Amino acid sequence: MGNALVVKKDFRINLENELFIRGEATLVEEQIAKPVLVISHGFRGYKDWGFWPYVTAWFAERGFYVVHFDFSRVGAQNSGADEVSVQRLSTVSRELSDLGAILANLREHKLPLAEQADIDRITLLGHSRAGGSNIIFAAEHSYISAVIAWNGGPPPKAVAGNPNPFINDDVEHNKQRFDTARLLASLTSPVLIIQGNKDREALLEGQRLLKEAAPNQTYVSIRDADHFFGGEHPFHHTTPYLEEALEVTHSFITKLDSYPQ
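Note that the coordinates shown come from a computational prediction; the quantities given were computed from them, not determined experimentally.

Explain the pattern of salt bridges residue by residue, including any values.
Applying the stated rule across the entire model yields 15 salt bridges. Linking Lys47 and Glu24 is a salt bridge whose minimum nitrogen-to-oxygen distance equals 3.4 Å. Here Lys47 is found in the loop between strand E3 (34–40) and helix H1 (52–61), whereas its partner Glu24 is found in strand E2 (residues 20–28), with 23 residues between them in sequence. For the pair Lys47 and Glu24, one class covers both residues: buried. The residue Glu140 makes a salt bridge to Arg177 at a minimum N-O spacing of 2.8 Å. Separated by 37 residues along the polypeptide, Glu140 in helix H5 (residues 129–140) and Arg177 in the loop between helix H6 (165–173) and helix H7 (180–186) bring together distant segments of the chain. Ionic contacts of the salt-bridge type, sharing partners, join the residues Lys8, Glu24, Lys47 and Asp48 into one network.

I'd love a proper account of the packing of helix H4 (residues 92–107) against H5, names of residues and values included.
Running from amino to carboxyl end, H4 crosses H5 at an angle of 65°, the nearest separation of the two axes being 10 Å. You can see that H4 and H5 cross each other, and the crossing is right-handed. Counting all contacts with H4, which are made through Val92, Glu95, Leu96, Leu99, Gly100 and Leu103, the residues of H5 involved are Arg129, Ala130, Ser133, Asn134, Ile136 and Phe137. Split into classes, the residues belonging to the contact of H4 with H5 amount to seven nonpolar, three polar and two charged.

Explain H5 residue by residue, including any values.
Structural remark: α-helix, 3.6 residues per turn; residues separated by three or four positions point the same way. A rise of 1.5 Å per residue sets the reference length of H5, with its 12 residues, at 16 Å; its end C-alpha atoms lie 17 Å apart and thus fit the reference within 8%. Inspection of H5 places Arg129, Ala130, Gly131, Gly132, Ser133, Asn134, Ile135, Ile136, Phe137 and Ala138 among the buried residues, and these make up the whole buried set.

Tell me what's going on with the sheet that holds strand E4 (residues 65–69), and back it up with residues and numbers.
Read across the sheet, eight strands follow the order E1-E2-E4-E3-E5-E6-E7-E8 without closing on themselves; strand pairing throughout is mixed. The open sheet has two free edges, formed respectively by strand E1 (6–14) and strand E8 (218–222), since each of these has just one partner strand. Strand-to-strand twist across the sheet, computed as the mean angle between neighbouring axes with direction ignored, equals 20°. Of the pairings in the sheet, the one linking E3 to E4 comprises five bridges and is parallel in character. Looking across to E4, one finds that Leu37 is bridged to Val66.

Criteria and cut-off values
- Residues numbered from 1 in each chain as written.
- Predicted model: local features only at pLDDT ≥ 70, side-chain atom pairs only at ≥ 80, totals over all residues.
- Heavy atoms only, no water.
- Salt bridge = Lys/Arg side-chain N within 4 Å of Asp/Glu carboxyl O.
- Helix = DSSP H or I, 4+ residues; strand = E, 2+ residues; numbered from the N terminus.
- Buried < 20%, exposed > 50% of the residue type's maximum accessible area, 1.4 Å probe, protein only.
- Axes fitted to C-alpha atoms, helices over the stretch in contact; angles between N-to-C directions.
- Left-handed = near helix turned anticlockwise from the far one by under 90°.
- Contact = heavy atoms within 4.5 Å.
- Nonpolar A, V, L, I, M, F, W, Y, C, P; charged D, E, K, R; others polar.
- Expected span 1.5 Å × (residues − 1).
- Pairing = 2+ DSSP bridges.

Have a look at this one:
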């Protein structure tokens, strides 16, 4: 599908208290229902950071209906919200709420070109902290077909001296809910965790924890890859590490029943 025309259709989901989520559906327009890939950026990222537009087009060319969006904290920050308001929106619980809004609109056929999204085939792909949020979401919503975490997935931890007290408070009050190691062990949906071996030691240790808790899931280490697979912003070119992550992810998804080969 190298010559396929990829289109992007913007959408906005209005939430409570004048909050909103901006996103886009990226796909090749064909009158067939496509498996859905919902992509969540990391804690310090946003949907148009670095390699994300390249990644969304890459999967769209291969037959997916790709949903990519900014978490509501990004929209609030870009709209000039004060620091405390943005901090309140920066918790894992808020990420899960935003994911819920995205998936509800998807399943209610409210996103652009909805007739081309096969809502019976939904995979979540999250980077960094969002990888863990996706595991939690999948554990709470049985309709999710599969989960992929790029350089993420371990249980979130409260960090001493964190300048955002809302994040620590959220983690402390949701230890059981956010225990991704426990959730991963009980998930029936297949999960792929890709980890660059030059990432932060905390994430490398977190992957070892997940693998020990849920050895039945799939774990891939990318040699010499850092947290962003060698990517940068603005995006100038892809990297061997990103290409490996893409190919491993695609191979994993296409081995699922009824996914494009």
